[in-house]
Amino acid sequence: MSRFKSFFRNISIASAILFLLPLTIYAQDSTSVRGKYALQFQIASNFQLASFNGATISGKYTLSDRNALRAGLSINGNSASTDINQNTNPIYNAPEFKGKASNSNYAITLLAQYLFYNPVINDVSFYYGGGPLAGESYDKNNNSGNNSNNNEEITNGWTLGVTLVCGVDWFISKRLSISAEYGFTASYNKTIINSINNVPQWNQQTSYGYQFIGNNVKLGLSVYF
C-alpha cells in the first residue's frame, strides 16, 4: 500500500511539473515584447473598448525591455450646409427670404511620449514618461441671404503642451498587456476669432492662456504584433 501511495505521489509530482513547465516558460517569454508594435485601446465601462487618450489611433513601439515610444493621433472634421427658403404671409407684404448657412470645421491633435520601464517582476512592470503635445483647430460659419444680411465667422485655435504619465503594465500573454495609468497635461492655448458682417465690419478677438489638467486613471489594453 505504501508503495502505491509513493508511486501515486511521484506520478502526481511529475504531472504537476509537466503541467507547470510550459506555463513557466510562457510567463517568462511573455514579459519581453522587445521590437514589437502595439495598438492601444481604453477599457471603458462595461468592458467596452474605446479610443486611448481620446485619440483616433494610438500605438506603441517597444525599443527594448526598458524603453518604448508611444504616439496618438486624433482627427475630427465636419462640413455641412443648409438652404433656407422662407415664404411669409402675403398680408404683411414681406419679401420672400432665400438664404444659405454653412459650417466647416476640423481639429487635429498629435502627441508623442517616451516611456521608461522598470524591470518586469511577475509579468508586471512600472513605467513613467512623457512628451510633447500639439493641436490645431479650425471652424468657419457663413450665413448669407437675399436680404444682404451676410456674415462670416472664422475661428482658428492652436495648442502646444506636454504630457506626463506613470502607470503599471501587466503582461498577461505574449500578445496582450493591461495597463492602469495616471496622467497630467500642461498646455498653452490660443484662439483667434475673425467676424465679418454686411456693413462691412470686421472684428477680431484673441484669447490665450495656460491649462493644467490632471487626467483620470485610465485602464488600457495593448495588442502586440
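Structure: see above.
Predicted, not measured: the structure shown is a model, and the values here were computed from it.

(A) Highlighting the overall build of the chain. For the chain, the helix and strand inventory stands at one helix and nine strands. When the helices and strands of the chain are listed from N to C terminus, the series reads α-β-β-β-β-β-β-β-β-β. Counting every position in the chain, which comprises 225 residues, the buried fraction comes to 24%. Sequence-distant contacts in the chain: of pairs separated by 6 or more residues, those separated by 24 or more amount to 62%. Carbon and sulfur atoms make up 60% of the accessible area of the chain, which totals about 14700 Å².

(B) Up close: the pattern of salt bridges. For the coordinates displayed, the defined rule picks out four salt bridges. In this structure, Arg70 engages Glu181 in a salt bridge whose closest nitrogen and oxygen atoms are separated by 2.9 Å. Taken as a pair, Arg70 in strand β4 (residues 67-86) and Glu181 in strand β8 (residues 176-197) lie far apart in primary sequence, 111 residues in all. Here Arg70 matches Glu181 in class, with each residue buried.

(C) Seen up close, the environment of Ile154. Tracing the sequence through the fold places Ile154 in strand β7 (residues 151-171). A C-alpha to C-alpha distance of 5.7 Å links Ile154 and Ile193, two positions 39 residues apart in sequence.

(D) Unusual backbone geometry, seen in detail. The backbone phi angle of Asn122 is positive, close to 55°, even though this residue is not glycine. The exposure class of Asn122 is exposed, given its relative accessible area of 71%. A positive phi angle is found at Asp123, which is not glycine, with a value near 65°. Its place among the elements puts Asp123 in the loop between β5 (97-117) and β6 (124-145).

(E) Quick peek at the pairing of β4. Across six bridges, the pairing between strand β3 (residues 57-62) and β4 is antiparallel. Its bridge partner being in β4, Tyr61 is matched across the sheet by Leu69. The hairpin turn running from β3 into β4, its antiparallel successor, is four residues long.

(F) Inspection of the side chain of Ser179 at higher detail. Mapping Ser179 onto the fold places it in strand β8. Residues in contact with Ser179, not counting those within four places in the same chain, are Tyr127, Val168, Asp169, Lys218, Leu219 and Gly220.

(G) The arrangement of the packing of aromatic side chains in detail. Here the structure, examined in full by the defined rule, presents nine aromatic pairs. A ring pair is formed by Tyr106 and Tyr138, whose centres lie 5.6 Å apart and whose planes are at 25°; its orientation type is stacked. Of this pair, Tyr106 sits in strand β5 while Tyr138 sits in strand β6, and the two are 32 residues apart along the sequence. With a centroid separation of 5.3 Å and 35° between ring planes, the pair formed by Tyr117 and Tyr127 is classed as tilted. Placement of Tyr117 in strand β5 and of Tyr127 in strand β6 is noted, with a sequence separation of ten residues between them. The pair formed by Tyr117 and Tyr127 is uniform in burial state, with each residue classed as buried.

Parameters at a glance
Residues numbered from 1 in each chain as written. Predicted model: local features only at pLDDT ≥ 70, side-chain atom pairs only at ≥ 80, totals over all residues. Heavy atoms only, no water. Helix = DSSP H or I, 4+ residues; strand = E, 2+ residues; numbered from the N terminus. Buried < 20%, exposed > 50% of the residue type's maximum accessible area, 1.4 Å probe, protein only. Contact = heavy atoms within 4.5 Å. Areas by Shrake-Rupley, 256 points an atom, 1.4 Å probe, with all protein chains shown as cover. Salt bridge = Lys/Arg side-chain N within 4 Å of Asp/Glu carboxyl O. Pairing = 2+ DSSP bridges. Phe/Tyr/Trp six-rings, centres within 6.5 Å; stacked < 30°, edge-to-face > 60°.

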